[in-house]
Amino acid sequence: MRLFRSEPTSPAPVMPMAMNEEKVARHSSALGEFARHIAGREALCILDLGPTSPTNIQYLTGLGHKLYTEDVLRASFDPAYRVSNDDGQPAISPELYLNSNLNYPEAKFDAALCWDIPDYMPESLVKPMVDRIFQILKPGGVVLAFFHTRDAGPDAPYFRYHIIGKDNMELQSTRRFRLQRVFNNRQTENLFKEFSSLKFFLARDHIREMLVIR
C-alpha cells in the first residue's frame, strides 16, 4: 500500500531558499505529551501534514505505526484551486482544495501532526482544514500543533520538523513560505472548538505548542 502522496507539480510561491539548512535540535513538551498518548498502543494510523520526513517515517513506523504524509501547505498554493469570487476577485476554493486533499474516510486516524501549518496557509483554507482533521480523526484522537506568538515578519523561516525522540525534534530551515498571520489564544481555541480538549505549552522560542484531543 502506498501511503505517501506525491507533491503537486505546480510550484508554491516561496521565498528564496535559506542558505543554512542545518538541523537545529529543539525540545518540545507537547511532542512529549503526544508521545505519551500513542505509547503502548499498536498499529495506529498517524497523519503527518508537513513535508515528507524520512526521520519521522523511520521513528513512527519503528514504533509499529502506519504513517501517512501529505504536504497540505504546498498543495494549498496549487493554481488548480483558484477561482473568482462574487466580486470577480481571485480567491481559493476550500471545496476544490478538500476534494483533492485530506480526502480520507471519517474516523480513519488516531493522531495527526499539524506542526505550524495554519500560520502559513491561506486564511480561507485554515478552518476548513481543521474541520476536515476533526472528521478524519477517531474519537479520542490527538493533534499536535504549533502557533507563533509574535509576527517575525516576512523573513521568518519555514521549518521542516523531524522527530528524533519522544520529546525532541530537529528543525530544518527549508524553502520559505511567508508567515501569513499570528493567532492569539482565543483564535486558536475557536479553530479547534469542536474538539473535546486543548492543552497549551508556551515555549521559549515564541511558539505556542498545543495538544488537542478529538
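Model, not experiment: these values are computed from the prediction. (Residues numbered from 1 in each chain as written. Predicted model: local features only at pLDDT ≥ 70, side-chain atom pairs only at ≥ 80, totals over all residues. Heavy atoms only, no water.)

Student: Now, about unusual backbone geometry: what can you tell me, with residues and values included?
Tutor: Phi at alanine 43 takes a positive value of approximately 55°, unusual for a residue other than glycine. Its place among the elements puts alanine 43 in the loop between α1 (29–38) and β2 (45–48). Although it is not a glycine, alanine 107 adopts a positive phi angle of roughly 55°. Judged by its relative accessible area of 34%, alanine 107 is partly exposed. (Helix = DSSP H or I, 4+ residues; strand = E, 2+ residues; numbered from the N terminus. Buried < 20%, exposed > 50% of the residue type's maximum accessible area, 1.4 Å probe, protein only.)

Student: I'd like a rundown of the sheet that holds strand β9 (residues 168–173), residues and numbers included.
Tutor: With respect to topology, 3 strands assemble into an open sheet ordered β1-β9-β8, the strand pairing being antiparallel. Of all strands in the sheet, those bounded by a partner on one side alone are β1 (23–27) and β8 (159–165). Within the sheet, the average angular offset between the axes of one strand and its neighbour, ignoring direction, is 30°. Both β1 and β9 contribute to a ladder of 5 bridges, which runs antiparallel. The residue of β9 that forms the bridge with arginine 26 is methionine 169. (Pairing = 2+ DSSP bridges. Axes fitted to C-alpha atoms, helices over the stretch in contact; angles between N-to-C directions.)

Student: I'd like a description of the side chain of serine 53, backed by residues and values.
Tutor: With respect to the helices, strands and loops of the structure, serine 53 is situated in the loop between β2 and α2 (54–62). Taking the relative accessible area as the measure of exposure, serine 53 reaches 1% and is therefore buried. The contact partners of serine 53, leaving out residues within four places of it in the chain, are Arg160, Tyr161 and His162. (Contact = heavy atoms within 4.5 Å.)

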